[in-house]
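Reading the structure
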Amino acid sequence: MASNKPAPEAPSPFSTDSYGGAERSVGEWNPTEDSIRPVRGRHRVAKQRGLARSSTVLGVGVIAAVGAGGMATAQDKAPVSISLPDSIADNLPDAKSLPGVGSFMSDDEADAVPVAAAAPLTTAGLTSAEAEQGTDAGEALRARILQQAEQQQASADAEAKAEAEKAAAEKAAEEAKKQQDAAEAEAAAKKKAEEEAAKKKAEEERLAKLAASFSLPTSSYTISSTYGQSGAMWSSGQHTGLDFAGAAGSPLKAVHSGTITSAGWSGSYGYRTVLQLDDGTEIWYAHQSSIDVSVGQKVTTGETIGRMGATGNVTGVHLHLEVRTAGGSAMDPMAWLNSKGLSV
């Protein structure tokens, strides 16, 4: 048996002592009540010697369970030791080796570890202002959760609104760009049309001016042969001029002002007159019935230089008109007259 003082056993109304007499009745033992003493500000457990460590272990467990809620109380009673058989006491573990218990054990009262009182659960997480107002912890937590949810929803709404505004702005910018591009294209097309119209008008004015200074060789005619036609009637195999068929004796006019460089008979051309313009271009009048000018004479636009006839190699009365460059190359008389603003 342990050397510690035996603890009183609970009385039984039906038990007897070892001598057959009735056992003395004592009060019911409460280990919590007998082993815990109130300590202001902290709980301290004094180390018991010998087999009393088992009661200490039990007391520490009770203190830990009761002190977690901040509600441990005890009456001022002297601690009671518990006696156990040696077979049990010898097999009990050392209290200091138990997890979370050794820190509570000390040989001296000065080394006793204070245990901070747990804060009441009803005030956990409360601010000082909320505690003063008597706000419940659960209600405060609920309010904070709702506030956080509202903030998150407001943030999501703001983000969605910003995205929508950004998309709307991009769409508006794209639409504005399309309208601007269309307006620019329309303006460019209008400008081009105006430029073309102005160019056309300027050309018409130029041709009108030229037409005033140029004239057709005859006023009453029918085009019987054009430039470049093929046939055996022409020595070169192709027609080198433009034929104006008309009445014999019809007046032939100078197409532009210039100088007469040739006037007389010219073989297959019959009676021919050559008018040289200021730029060197030569105008040939062939198959005339008569010539009204002489070499070296200056003539003006529309002035009569001869008469239509059928002299030379011809099949009828007509004017054979040729236009040649200063170098002597033939060109299409109709195209040349058109370039001077004359419509043949």
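Scope of this entry: the structure provided in the associated data block. (Residues numbered from 1 in each chain as written. Predicted model: local features only at pLDDT ≥ 70, side-chain atom pairs only at ≥ 80, totals over all residues. Heavy atoms only, no water.)

With respect to the nonpolar core
The condition is simple: Nonpolar core, defined: a set of buried Ala, Val, Leu, Ile, Met, Phe, Trp, Tyr and Cys residues in which side-chain atoms within 4.5 Å join the residues together. Each residue gets one of three labels from its accessible area relative to the maximum for its type: buried under 20%, exposed over 50%, partly exposed in between, using a 1.4 Å probe on protein chains only. A run of H or I in DSSP counts as a helix once it spans at least four residues, and a run of E counts as a strand once it spans at least two, with each numbered from the N terminus. Note on contacts: a residue pair is in contact if any heavy atoms of the two residues lie within 4.5 Å.
In this structure, Leu 275, Ile 283, Tyr 285, Val 299, Trp 336 and Leu 337 are the most contacted members of the largest nonpolar core, which totals 23 residues. Counting residues per element, the ones that place at least two in this core are strand S2 (242-245), strand S5 (271-277), strand S6 (282-291), strand S8 (304-308), strand S9 (318-324) and helix H6 (333-339). With three residues, the single largest contributor to this core is S9. In contact with Leu 275, not counting residues within four places along its chain, are Ala 254, Val 255, His 256, Gly 258, Thr 259, Ile 260, Thr 281, Glu 282, Ile 283, Tyr 285 and Val 299.

A short note on the pairing of S2
Heads up, the rule is: Pairing between strands is defined by DSSP: at least two bridges between them are needed.
As paired strands, strand S1 (residues 222-225) and S2 are joined by three bridges and run antiparallel to one another. Among the inter-strand pairings, Thr 222 is bridged to a residue of S2, identified as Ala 245. Relative to S9, S2 runs antiparallel, the two sharing four bridges. Opposite Asp 243, over in S9, you have His 320 as the bridge partner.

Some details on the packing of aromatic side chains
Rule in force here: Pairing of aromatic rings covers Phe, Tyr and Trp, the last counted by its six-membered ring, and requires centre-to-centre distances within 6.5 Å; plane angles under 30 degrees mean stacked, over 60 mean edge-to-face, and any other angle means tilted. Remark: a charge is flagged as sitting over a ring if the NZ atom of Lys or the CZ atom of Arg is within 6 Å of the ring centre and within 35 degrees of the ring normal.
Using the criterion set out here, one finds four aromatic pairs in the structure. Taken together, a centroid distance of 5.7 Å and an interplanar angle of 80° make the contact between Phe 214 and Trp 336 edge-to-face. One end of the pair, Phe 214, is in the loop between helix H5 (137-213) and S1; the other, Trp 336, is in helix H6, and 122 residues separate them in sequence. With a centroid separation of 5.7 Å and 85° between ring planes, the pair formed by Tyr 269 and Trp 284 is classed as edge-to-face. Note that Tyr 269 is positioned in the loop between strand S4 (258-265) and S5 and Trp 284 in strand S6, a separation of 15 residues in sequence. Trp 284 carries the same exposure label as Tyr 269, and that label is buried. Residue placement shows Arg 272 over the ring face of Tyr 269; its charged tip is 5.9 Å from the ring centre. One cation-aromatic arrangement involves Arg 272 over Trp 284; the distance from NZ or CZ to the ring centre is 4.5 Å.

Observations regarding H5
This is how the line gets drawn: In this scheme, a helix's expected span is set at 1.5 Å multiplied by one less than its residue total.
Over its 77 residues, H5 extends 111 Å from the first C-alpha to the last, a length consistent with the 114 Å expected when each residue adds 1.5 Å. Every buried residue of H5 is accounted for by Ala 137, Ala 140 and Leu 210.

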